Amino acid sequence: MSEPELALPLDGADRKELLRIARATLREHLATGYLPPGAPHRKTLLQPAAAYVTVQVAGVLRGCMGRVEADKPLYLAIEELTVAAISRDPRFEPVRLEELSETRVAISILSALEPCALERVEVGRHGLVVTRGPRRGLILPHAAIENGWSAERLLDEVCAKAGLGPGAWRDPDTRVEQFTADRFAEPD
């Protein structure tokens, strides 16, 4: 099985522009409820890509939203996911304007999903998606490292995120897919 490749390789200027877009979106949405106007001039950011946006306030997770489908221009996906992460993650209270100065954004650009060979899951390199019927869970690659999880624990955790029990990944009705991610963040 081949390794998932990022469909959209980004350079440092692309990453910097995406973080600028996310920051501008934070400011504009928190102040007015709207998205900032305009589109970037960098052609790479006009290409469709799958992405996740993670928001922390004062170093504490306050929202994470993403798309595994590469069906929108990347800059627009980042704008929409930034708004969703700060206002629609059901686990957290929405971020408030007065928290803006303490808010930091991390962006992950995802490779295409590929069927997962369970014995080849590399902790820290692969993120996982588990799907069974209408239930779906996703964990980004860095989460396993940050939490000290083994590959099996990662599989159990992504099942839990999908609302499934431990070991549900072994069930033939459960689809497990892997991806890689290019993750970058604003400085603290």
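The structure reproduced in this document is the subject of the present report. (Residues numbered from 1 in each chain as written. Predicted model: local features only at pLDDT ≥ 70, side-chain atom pairs only at ≥ 80, totals over all residues. Heavy atoms only, no water.)

### Overview of the overall build of the chain
In terms of helices and strands, the chain carries four helices and eight strands. Beginning at the N terminus, the succession of helices and strands in the chain can be written as α-β-β-α-β-β-β-β-α-α-β-β. Over its C-alpha trace the chain gives a radius of gyration of 17 Å, about what one expects of a compact globule, namely 16 Å for 188 residues. Of all 188 residues assigned to the chain, the portion counted as buried reaches 48%. Contacts spanning at least 24 positions in sequence make up 73% of the contacts within the chain whose residues lie at least 6 apart. (Helix = DSSP H or I, 4+ residues; strand = E, 2+ residues; numbered from the N terminus. Rg over C-alpha atoms; globule rule 2.2 N^0.38 Å. Buried < 20%, exposed > 50% of the residue type's maximum accessible area, 1.4 Å probe, protein only. Contact = heavy atoms within 4.5 Å.)

### Re the nonpolar core
Counting 25 residues, the largest nonpolar core has L18, V53, L74, I78, I107 and I109 as the members making the most contacts within it. With residues up to four places along the chain from it excluded, the contact list for V53 reads G63, C64, M65, I78, L81, T82, A85, V105, A106 and I107. One finds L128, W149, L164 and A168 within the second-largest nonpolar core, a separate group that totals 17 residues. (Core = buried A, V, L, I, M, F, W, Y, C linked by side-chain atoms within 4.5 Å.)

### Section: the sheet that holds strand β1 (residues 50-57)
Overall, antiparallel pairing links the four strands, which are arranged β2-β1-β3-β8 in an open sheet. Only two strands of the sheet have a single partner each, and these edge strands are β2 (60-67) and β8 (181-185). Taking each pair of neighbouring strands and ignoring which way they run, the sheet shows an average axis angle of 15°. The pairing of strand β3 (residues 103-110) with β8 spans five bridges and is antiparallel. The residue of β8 that forms the bridge with L110 is A181. Of the strands in this sheet, β3 and β8 are in contact with helix α1 (residues 12-32), which crosses β3 at around 130°. Here helix α2 (residues 74-87) sits on the sheet and contacts β1, β2 and β3; the angle it forms with β1, its principal contact strand, is near 40°. (Pairing = 2+ DSSP bridges. Axes fitted to C-alpha atoms, helices over the stretch in contact; angles between N-to-C directions.)

### Considerations on the sheet that holds strand β4 (residues 114-115)
Taken in spatial order, the four strands make up an open sheet running β4-β7-β5-β6, and their pairing is antiparallel. For this open sheet the edge positions go to β4 and β6 (135-139), each flanked by a neighbour on one side alone. In this sheet, strand β7 (residues 175-179) lies alongside β4 in antiparallel orientation, the contact comprising two bridges. Paired with P115 across the two strands is E177, which belongs to β7. Running over the sheet, helix α4 (residues 151-161) touches β5 (127-132), β6 and β7 and is turned about 135° from β6.

### What to know about the environment of I139
Among the structural elements, I139 can be located in strand β6. As a C-alpha pair, I139 and H126 span 13 residues in sequence and 9.1 Å in three-dimensional space. Residue contacts for I139: discarding those within four places in its chain leaves G127, L128, W149, L154, E157, V158, K161 and F179.

### Let's talk about the pairing of β2
Along a regular strand, successive side chains alternate from one face of the sheet to the other. Relative to β2, β1 is paired through seven bridges, and the arrangement is antiparallel. Within the sheet, the bridge partner assigned to Q56 lies in β2 and is L61. Hairpin remark: β1 followed by β2, antiparallel, with two residues in the connecting loop; positive phi at A58, about 55°.

### Here we look at the pattern of salt bridges
Side chains that differ in charge, positive against negative, can pair when their charged atoms come close. For the structure on display, the rule yields 16 salt bridges. The salt bridge partner of D14 is R42, with a shortest N-O separation of 2.5 Å. Taken as a pair, D14 in helix α1 and R42 in the loop between α1 and β1 lie far apart in primary sequence, 28 residues in all. On the accessibility criterion, D14 (2% relative accessible area) is buried. In this structure, R23 engages E186 in a salt bridge whose closest nitrogen and oxygen atoms are separated by 2.7 Å. (Salt bridge = Lys/Arg side-chain N within 4 Å of Asp/Glu carboxyl O.)

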